[in-house]
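Listed below, chain by chain, are the residues.
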Amino acid sequence: MPELPDVEVFRRYLVSTSLRKKIRDVTVRHNKVLGNVSARKLHDALLGRSFVATKRHGKHLFVRFEKGAWLAMHFGMTGYLRYFTDQDPEPKYDRVVFAFAGRGQLGYYSLRLLGRLDLVADPEREIARLGLGPDALDPALDLATFRARLGGGRAIIKAALMKQQAIAGMGNIYSDEILFQARIHPATRVGDLGEAQIKTLFRVMQRVLRKAIECEAEPARLPKSWILPRRSTREPCPRCGTALARLRQGARSAYFCPRCQPAS
DNA sequence: TTCCATGTTCCGCA
DNA sequence: TTGCGGAACATGGA
């Protein structure tokens, strides 16, 4: 479930399981998840070293290793990290496995192969290369910048929130939650939003993302008042009981409450 | 069997 | 120029 909260949870997970452990082997089980780096280069760069620091920007996770560069991780739609100590006989979707001295191993799981691993010299340069906007939870991100980055009036707010080059970190799921809590219809044009609505969106965005991290991005642990766990369960709006509606935007579906989020 | 799925990127079109 | 729809990627679940 890799949007900003999920990736932050992965980052903390990596810190608690895999930092400062000597890497004794790197196994690439599917080349598709490698970006520019080859399996051999990745192996050689990490062998005998340890992960020592992490940084997250939007949905991207960077892991610095000793005397080297950074491992850049992106998770696509179905990626996550899992640490295991047993001898897993068939780690079917752990596309890359980092084995540490001793028994621990960190698996980069990616069922649909939509994620990417790469080596980069400097996260800031990589963030610039990708043209990513500021991280949605960057303490330096203020209301004026948020408003400016949402862009001109013609864009649709749901798409604008998900645009990584504007603000990095929100995807289909969390943009739905944020719009629901801000009571804004997902198809509203940015230009049709009032100043008060922009301000609400900004505050709700920070509140939702922070709360999700606090709940470790587990749907079952999120507040009952959220719609996130209700997408595709046919449950009604937790606020007013109205049946949730689905709006298709391209290949994506926006779930919303037609009563709490009326079209403007 | 058919539809849907948390992301990104690319193409065509308005 | 901006932004959207749709496809593609690869696989599983309902």
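A brief structural summary. Counting of residues starts from 1 at the beginning of each chain's written sequence and follows it residue by residue. To read the labels, note that chains go from A and ligands from 1, taken in the order they are written. Where totals are concerned, whole chains, interfaces and linings use all residues; where local detail is concerned, this predicted model gives features only for residues with pLDDT of at least 70, and gives and counts side-chain atom pairs only at 80 or more. Side-chain metrics in this entry use all non-hydrogen atoms of the structure; hydrogen atoms and water are not considered.

A tally of regular secondary structure across chain A gives seven helices and 10 strands. Taking 264 residues into account, the globule formula puts the C-alpha radius of gyration at 18 Å, and chain A, at 20 Å, falls close to it. Across its three principal directions, the C-alpha atoms of chain A cover 60 × 35 × 30 Å. Whether a residue is buried, partly exposed or exposed follows from its accessible area with a 1.4 Å probe, protein chains only, as a fraction of its type maximum: under 20%, in between, or over 50%, in that order. Relative to its 264 residues, chain A shows a buried fraction of 49%. Contacts in chain A between residues at least 24 apart in sequence constitute 63% of all its contacts with a sequence separation of at least 6. In this description, accessible areas are obtained by the Shrake-Rupley approach with a 1.4 Å probe, and a residue is regarded as covered only by the protein chains that are shown. Approximately 12700 Å² of chain A is accessible, and the part contributed by carbon and sulfur atoms is 50%. Separation between the mean location of the 46 positive side-chain charges and that of the 25 negative ones in chain A comes to 3 Å. Going along the chain from the N terminus, every DSSP run of H or I of four or more residues is numbered as a helix, and every run of E of two or more is numbered as a strand. C-alpha atoms define the radius of gyration, and 2.2 Å times the number of residues to the power 0.38 defines the globule rule. The criterion used for residue contact is that any of the two residues' heavy atoms lie within 4.5 Å. For this count, His and the chain ends are skipped, Lys and Arg are scored as positive, and Asp and Glu as negative. We put the charge of a Lys on NZ, of an Arg on CZ, of an Asp on CG and of a Glu on CD.

If you trace the backbone, S18 turns up in helix α1 (residues 4-18). Here S18 falls in the buried class, since its relative accessible area comes to 0%. At 2.8 Å, the side chain of S18 forms a polar contact with the side chain of T17. Sequence-distant contacts of S18, that is, excluding residues within four places in its chain, are made with F51, Y83, F100 and L106. In protein, a polar contact means a hydrogen-donor-capable atom and an acceptor-capable atom, both N or O and within 3.5 Å, with residues adjacent in sequence counting only if both atoms are side-chain atoms; elsewhere, any N or O pair within 3.5 Å suffices.

Turning our eyes to something else, we now look at the nonpolar core. Definition of nonpolar core: a set of buried residues of the types Ala, Val, Leu, Ile, Met, Phe, Trp, Tyr and Cys, connected through side-chain atoms within 4.5 Å. Core analysis: the largest hydrophobic core is formed by 35 residues, its most contacted members being F146, I157, L161, L201 and M205. Of all the secondary-structure elements, those providing two or more residues to this core are α1, α4 (143-149), α5 (157-162), α6 (172-182) and α7 (195-214). It is α7 that contributes the most residues to this core, nine residues altogether. For L161, the residues in contact, after removing those within four places along its chain, are F146, L150, I167, M170, S175, I178, L179 and L201.

This part is about the protein's contact with DNA strand C. The rule for a residue being near a molecule or strand is that one of its heavy atoms must lie within 4 Å of it. As a matter of local geometry, DNA strand C sits amid 14 residues, with K32, Y93, R112, L114 and I156 nearest to it. The sugar-phosphate portion of DNA strand C accounts for 72% of its atoms within 4 Å of the protein, the bases making up the rest. Contact between DNA strand C and K32: a sugar or linking oxygen at 3.2 Å from a side-chain N or O atom of the residue. Within the side chain of R112, an N or O atom sits 2.5 Å from a base nitrogen of DNA strand C. Grouping the constituent residues of the surface near DNA strand C by class yields seven nonpolar, two polar and five charged. Only Asp, Glu, Lys and Arg are considered charged in this grouping, and only Ala, Val, Leu, Ile, Met, Phe, Trp, Tyr, Cys and Pro are considered nonpolar; every other residue, Gly among them, is considered polar.

Attention now moves to unusual backbone geometry. The backbone of R20 sits at a positive phi, close to 60°, despite the residue not being glycine. Its identity as a non-glycine residue notwithstanding, A217 has a phi of 55°, on the positive side. Secondary-structure assignment places A217 in the loop between α7 and β9 (245-249).

Overall, antiparallel pairing links the four strands, which are arranged β2-β3-β4-β8 in an open sheet. Single-partner strands in this sheet number two, and they are β2 (51-57) and β8 (116-120). Direction aside, the axes of adjacent strands within the sheet are offset by 20° on average. As paired elements, strand β3 (residues 60-65) and strand β4 (residues 70-74) share four bridges and run antiparallel to each other. The residue bridging L61 from the neighbouring strand is M73, located in β4. Axes here mean lines fitted to C-alpha atoms, for a helix over just the part in contact, with angles spanning 0 to 180 degrees between N-to-C directions. In this fold α1 packs onto β2 and β3, with an angle of close to 175° to the strand it touches most, β2. Should DSSP find at least two bridges between two strands, the strands are regarded as paired.

Take the sheet that holds strand β6 (residues 94-100) next. Here four strands make up an open sheet; going across it, the order is β1-β6-β7-β5 and the pairing antiparallel. The open sheet is flanked by β1 (23-28) and β5 (79-84), the only strands paired with a single partner. Pairwise comparison of adjacent strand axes, ignoring direction, gives a mean angle of 15° for this sheet. With five bridges joining them, β6 and strand β7 (residues 105-110) adopt antiparallel strand pairing. When the bridges of β7 are listed, F98 appears paired with L106. Where α1 meets the sheet, its contacts fall on β5, β6 and β7, and the angle it forms with β5 comes to roughly 20°.

The quantities given are spatial measurements derived from coordinates; they are silent on function.
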